[in-house]
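Overview (structure and organization)
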Amino acid sequence: MAARSSDGAGCGSGCATAFGVLIVVSLVLYLLEALWVFLLVAAVASFVAAFVIKKKGSEEPKKGPAPDPTYV
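Note that the structure is a prediction, hence the values are computed from the model and not measured.

As a further point, take the overall build of the protein chain. Scanning the protein chain from N- to C-terminus turns up 1 helix and 0 strands. Here the protein chain, with 72 residues, has 0% of them falling under the buried criterion. As presented, the protein chain carries roughly 7100 Å² of accessible surface, and 72% of it is formed by carbon and sulfur atoms.

There is a patch of nonpolar side chains on the surface, built from Val-21, Val-24, Val-25, Val-28, Leu-29, Leu-32, Leu-35, Trp-36, Phe-38 and Leu-39 and spanning about 970 Å² of accessible area. Mapped onto the fold, Phe-38 is located in helix α1 (residues 13-57).

Rules behind the numbers
Position labels on residues start from 1 in each chain and follow its written sequence. Where totals are concerned, whole chains, interfaces and linings use all residues; where local detail is concerned, this predicted model gives features only for residues with pLDDT of at least 70, and gives and counts side-chain atom pairs only at 80 or more. Excluding hydrogens and water, the side-chain figures rest on all heavy atoms present in the structure. The helix count covers DSSP runs of H or I at least four residues long, the strand count covers runs of E at least two residues long, and both are numbered beginning at the N terminus. The buried label applies to any residue whose accessible area, calculated with a 1.4 Å probe on protein chains only, is under 20% of its type's maximum; exposed applies above 50%, and partly exposed to all values in between. Calculation of accessible area relied on Shrake-Rupley with a 1.4 Å probe; when residues are assessed, cover is drawn exclusively from the protein chains displayed. To count toward a patch, a residue needs a relative accessible area over 30% and no salt bridge; like charges are then connected within 9 Å, while nonpolar side chains (Val, Leu, Ile, Met, Phe, Trp, Tyr) are connected within 5 Å. Whenever a carboxyl oxygen of Asp or Glu lies within 4 Å of a side-chain nitrogen of Lys or Arg, that contact is scored as a salt bridge.

Below, the structure written as structure tokens:
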């Protein structure tokens, strides 16, 4: 006969260990997913910031008055 646990549910310490491992793996996967989302948002934000900075830097500077054509 198989050994039964003292609580009568038929789930020994192996069952508790499996549930513990499942919970730990689920938490790790959740944190990794949150990390990837954060990295994705940060990457998009950095590309947008780089585009805006480049766009602002590419504006032509204001031109001064035209040189006097009589001066050589």
